[in-house]
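What follows is each chain in one-letter form.
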Amino acid sequence: MNERQPELLQRNAHNPILTAAQWPYRVNSVFNPGAALLPDGTTLLLCRVEDMRGHSHLCAARSANGIDDWRIDARPTLMPDPERFPEEVWGIEDPRITFVDELGAYAIVYTAYTREGPGVSLAVTEDFERFQRYGLVMQPDDKDAVLLPHRIAGDWALIHRPVSPHGSDMWISYSTDLQHWGRHKLMLEARRGAWWDANKIGLASPPIETAEGWLVIYHGVRQNAAGSIYRLGLALFDLHAPEVCLRRGDEWFFGPGEPYEQRGDVDNVVFPCGHTIAPDGDTIRLYYGGADTSIAVASGSIRSMLEWLERQPSARATLPVTHDHTGESACVDRGMSASGGGVT
Ligand code: BMA
């Protein structure tokens, strides 16, 4: 049986750290923030804010310590602009932020809620005041997307989560200009059957570049008779070919456990879209939406996450991993056929 292991993430005692009650204008809920550590050390959260119509926009909150004393923009920071971008007709949601050295700016990849379902949009900003919109870069049904912070072998790389009749898996696509995307590759498949991450997964916060590979926190959705449970897992991908999975944890490492995660507009959801990493290069603060209602933070160590991944049973079973980069991955559910099966 499993030995008891220390928790990888510790919830902050002040959770939830941001709620609708703190907002300078009337809103229903605040959740699923993207995060950035600004050059002066300020933590900026770009929060998804749901208004009283049920439509979302994005609003920035800034704090010197990343925990309290938030300064919240008096008005929405980034509003849907359906006149120029019709795909934003039902709102914009779930931003994920990466600082891109080459652009000298932050890339924000977010969900545009189109009449045909959620799609992926991109905007770039230097200051979180003025935004250059690229519009829809992945058509519906697609979400849970982020831009990697630099080119891979000369091309930009976008992780996203299209929906297919076979399941909702993570893909990666490449581009020379941030606008036109191709060379689509399957990155991580949802497992099938009884697994905690069966049928539907998606990227959580942006991948973390480590010496061992891209460390990816992803969410898995378990459907049961009572609804869904959103939990978090870990996987590691090749630095030079991020579609190649090196390790994948079998178990989830974080899930709804506190009242603000278990009860809200959507019960039993922890949903991170952003994190900050301290100057020590190891301490991570993961910012997440609790039950689609409020914002919470939990902290941990990147090194401990990598060590945890190494101890996972399937990592042991599949190591040493020898990849020829032809797409065969150590991370498929070996209990099932490659074609999936079991789910219709
Ligand atoms: C997902 C996204 C998230 C949301 C989650 C739980 O599909 O829409 O924004 O937090 O569902 O409702």
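Visitor: Explain the overall build of the chain to me, please; I cannot follow it from the model alone.
Guide: A tally of regular secondary structure across the chain gives three helices and 22 strands. The proportion of buried residues among the 344 residues of the chain is 45%. Partitioning the contacts of the chain with sequence separation of at least 6, the portion at a separation of at least 24 is 49%.

Visitor: How should the site of the ligand be read in this particular structure?
Guide: Taken together, the residues surrounding the ligand are Asn32, Glu93, Asp94, Tyr230, Val266, Val269, Phe271, Gly289 and Asp292. Residue classes in the shell around the ligand are distributed as four nonpolar, two polar and three charged.

Visitor: How do you make sense of the nonpolar core when you look at a structure like this?
Guide: Across soluble globular proteins, nonpolar side chains have a tendency to be buried as a group. Judged by nonpolar contacts, the single largest core of 84 residues is most densely connected at Cys47, Val109, Leu158, Tyr218, Ala235 and Ile295. Here this core gets seven residues from one element, more than from any other, and that element is strand 7 (residues 105-114). Contacts of Leu158, omitting those with residues within four sequence positions, involve Val137, Ala145, Leu147, Ile172, Ser173, Ser175 and Trp181.

Visitor: Sorry if this is basic, but what is going on with the sheet that holds strand 20 (residues 270-277) here?
Guide: Backbone-to-backbone hydrogen bonds join strands into a sheet, with any given pair of strands oriented parallel or antiparallel. The antiparallel open sheet is built from four strands, whose spatial order is 1-22-21-20. This sheet does not close on itself; its edge strands, each paired only once, are strand 1 (9-11) and strand 20. The average undirected angle you get between the axes of adjacent strands in this sheet is 30 degrees. Note that strand 20 and strand 21 (residues 283-290) share seven bridges and pair antiparallel. In the sheet register, Ile277 faces strand 21, and the bridge partner there is Ile284. Contacting strand 21 and strand 22 (294-301), helix 2 (residues 302-311) runs over the sheet at an angle of about 75 degrees to strand 22.

Reading the values: rules and limits
Residues numbered from 1 in each chain as written. Predicted model: local features only at pLDDT ≥ 70, side-chain atom pairs only at ≥ 80, totals over all residues. Helix = DSSP H or I, 4+ residues; strand = E, 2+ residues; numbered from the N terminus. Buried ≥ 20, exposed ≤ 12 C-beta atoms within 10 Å, placed from the backbone. Contact = placed C-beta atoms within 7 Å. Near = placed C-beta within 6 Å. Nonpolar A, V, L, I, M, F, W, Y, C, P; charged D, E, K, R; others polar. Core = buried A, V, L, I, M, F, W, Y, C linked by C-beta atoms within 7 Å. Pairing = 2+ DSSP bridges. Axes fitted to C-alpha atoms, helices over the stretch in contact; angles between N-to-C directions.

Keep in mind that these numbers describe shape and distance, not what the molecule does.
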